[in-house]
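A structural walkthrough
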Amino acid sequence: QTAFRRARRLRAHEEQTARQLRGSLRDREEALRVVQRDGRMLRFATDELRDDRDLALVAVRQSAYAIQWVSENLRSDREIVLTAAKQKGIALEWAGTELRSDPEIVLEAVKENGEMLWCAAKELRADRAIVLVAVRQRGSALNFASEVLRLDRTLVLEAVKQDGEVLRDVSVGLRADREVVLAAVAQNADAMMWADTALVEDRAFVLEALRRNGQALEFTSEVLRADREVVLTAVCQTGDALQWASEALQGEEAVVHEAVLQSGNALQFASETLRGNRDLVLGAVMQCGDALQFASAGLSADRNLVLEAVRQEGIALQWAAESLKGDREVVQEAVRHCGEALQYGSVALRGERDLVMDAVRENGYAMRFTPQELRAERQFVLEALQQCASGTVADVLEAVSWELCTDPELDLEAWRREDFEGLTRNALGMDCEVARANPFAVRGSSARVCSVSEVVWKDTGLHCRASIGLSGMEVSGVFPDSATWGDLGRWLRQQQEGDGCYIHMVFHSHDRPVSPFDAHNPLMDIASEFAEASARAAPASATPAASAAASTPELAPVRAASRSRSPARGHERDRDDCAALLANGPQHPPIGVLRFSADRVLVALPIESSRSRSRSR
């Protein structure tokens, strides 16, 4: 319910934002450029542009969902609707009434989403060929077919093969059809409850159904659930079917043995006596280490049994007896398979460096279960960063102290391991010579940082100078007065060797957080900001630390500092959020980051240190 309410609030916020921005896209050339990257941006175009056939066609080719924002006129355009329906069947929902009677369009829609049959005209819902395609894609589409076709045995058989629950809605006669019911049960055991009573009481039929899906035992009669052969058939197919067996059979060793071979967790449905049977428990933990939790108290202290369990699943250490949680060999075996199992080891073992390093090699998250003195030891943290599992560097950094998070050597090691580039500044405000640990970069991406160090207006235009990547390759170019930040980002991307997925464009001395719509802002504005920053930095001393400190502007109120000419005035709230984030965090110079790719512009909040990675995200 909480997730649902959160999703509903998010949806409401998105709709409110869309209403505020509707009609903000007025220029046709700009609209064409935007919808080529994301067809759904057509929603922000004016009514006149949404009635432009060529523009609408470009939008739906890029995203079928764009059809919901084209004009009413164009929803009756056959080419536009057919193009959208081939991509997403749901496009049929927004098609004009006359096009819902077009067999080709409806056929393309149900190929992609069978349930779109409900949008088709009445005569097409009685077309056997179209309904057959629909039910093969999604069995529940049978509910939208005509009454006559819902009685068609072949169509029903195809539907239940795709979705067994469809058996609930078919005719009484077909619920007594052995082949139809068996196909439905094989797909979904719940179909057994809608089968004809005579079939459910037929022992031969039940045996055949259980060979296809053991969970169907739940819907059989009490007599059959006490039948040894019937239960054995079920547990041999699905071990968890043991829960539906009679109490007597749950206490029979042969039946339970077959069940735990299929599913170790089926041990929980065995009788108390058999849960203390060492051979049975050993078979269960060899299939699923977590089954140790269902063993009797005495067996959780059996060293060999626990060792076998943690070899299967390291996290099973939590179910071991307290005495074994202090056994070094047992704990070491557990953390080698699951680093997080370290939290269940004894306090003494959690402080052993070799054991902790084994856990961190498997999962850097284990770092947070080590004693505070180890997490504050610089050399140990460096070793952990060097040896931790790929993709868990951030987890190691989040577990250590603030002072170590801002250590340049550790920051650089984090960057090397994660293979992403970024830019941070240490607590003294000194410029980093290399791009390090950008918490907003895509983990494992090939993105490079492009640091724009100068934007100066001259008679010949706007002169920009930047360095690319860790190599610091210098590039420079001249742009017309009308150029935008987006133009600069695309140009910088073209300068890269290898043309990576993304770049991270950083404006030095930029005095405010970046808005999601700043890609459209004029470069002329940033040129004036560079000039102001240079004027403020002029009185600074010659030392690098003092120079950096002098060039660091105070964080002014975002709306006052912003000179954005973006039409998205309703998004000043985003800038306020950025300002609040900086105000609550450590006082580092705000550095705005725009991320450009070939087909979209993504934007990050101002970069902060690794410590605040989770909160910033």
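The structure reproduced in this document is the subject of the present report. None of the values given here were measured: they were computed from a predicted structure. (Residues numbered from 1 in each chain as written. Predicted model: local features only at pLDDT ≥ 70, side-chain atom pairs only at ≥ 80, totals over all residues. Heavy atoms only, no water.)

This part covers the packing of helix α7 (residues 128-137) against helix α8 (residues 153-162). Where α7 contacts α8, the two axes come as close as 7 Å, and the packing angle between them is 20 degrees. Between α7 and α8, the crossing angle belongs to the class labelled roughly parallel. Handedness of the α7/α8 crossing: left-handed. Taken together, the residues of α8 that come into contact with α7 (itself represented by Arg-128, Val-131, Leu-132, Val-135, Arg-136 and Gln-137) are Thr-154, Leu-155, Glu-158, Ala-159 and Gln-162. Grouping the constituent residues of the contact of α7 with α8 by class yields five nonpolar, three polar and three charged. (Axes fitted to C-alpha atoms, helices over the stretch in contact; angles between N-to-C directions. Helix = DSSP H or I, 4+ residues; strand = E, 2+ residues; numbered from the N terminus. Parallel < 35°, antiparallel > 145°, perpendicular 65-115°, else oblique. Left-handed = near helix turned anticlockwise from the far one by under 90°. Contact = heavy atoms within 4.5 Å. Nonpolar A, V, L, I, M, F, W, Y, C, P; charged D, E, K, R; others polar.)

On to the environment of Leu-342. Relative to the helices and strands, Leu-342 is located in the loop between α19 (328-337) and α20 (347-350). Given a relative accessible area of 0%, Leu-342 falls into the buried group. When the C-alpha atoms of Leu-342 and Phe-369 are compared, they prove to be 6.7 Å apart, with 27 residues separating the residues in sequence. Those residues in contact with Leu-342 that sit more than four places away from it in its chain are Val-335, Arg-350, Val-356, Ala-359, Ala-366, Phe-369 and Thr-370. (Buried < 20%, exposed > 50% of the residue type's maximum accessible area, 1.4 Å probe, protein only.)

Turning to a positive patch on the surface, a few remarks are in order. On the surface, Arg-5, Arg-6, Arg-8 and Arg-9 cluster together into a patch of positive charge. Structurally, Arg-8 can be placed in helix α1 (residues 2-21). (Patch = residues over 30% accessible without salt bridge, like charges linked within 9 Å, V, L, I, M, F, W, Y side chains within 5 Å. Areas by Shrake-Rupley, 256 points an atom, 1.4 Å probe, with all protein chains shown as cover. Salt bridge = Lys/Arg side-chain N within 4 Å of Asp/Glu carboxyl O. Lys, Arg positive; Asp, Glu negative; His and termini not counted. Charge placed at Lys NZ, Arg CZ, Asp CG, Glu CD.)

Quick look at the pattern of salt bridges now. On inspection of all chains with the given rule, the structure shows 36 salt bridges. With a shortest N-O distance of 2.7 Å, Asp-52 and Arg-28 are connected by a salt bridge. On the criterion of sequence distance, the pair formed by Asp-52 in the loop between α3 (47-50) and α4 (53-62) and Arg-28 in helix α2 (residues 28-37) is long-range, its members being 24 residues apart. Note on Asp-52: relative accessible area 18%, which makes it buried. For Arg-75, the salt bridge identified is with Glu-72, shortest N-O distance 3.6 Å.

Ranked by internal contacts, the top residues of the largest apolar core, which has 143 residues, are Val-160, Leu-167 and Met-367. Ranked by the residues each element gives to this core, the list is headed by helix α10 (residues 178-187), at six residues. Leave out the neighbours within four places in its chain, and Met-367 touches Val-360, Arg-375, Phe-380, Val-381, Ala-384, Val-396, Ala-399 and Val-400. Among the nonpolar cores identified, the runner-up in size contains 19 residues, and Ala-466, Ile-468, Phe-479 and Ala-483 belong to it. (Core = buried A, V, L, I, M, F, W, Y, C linked by side-chain atoms within 4.5 Å.)

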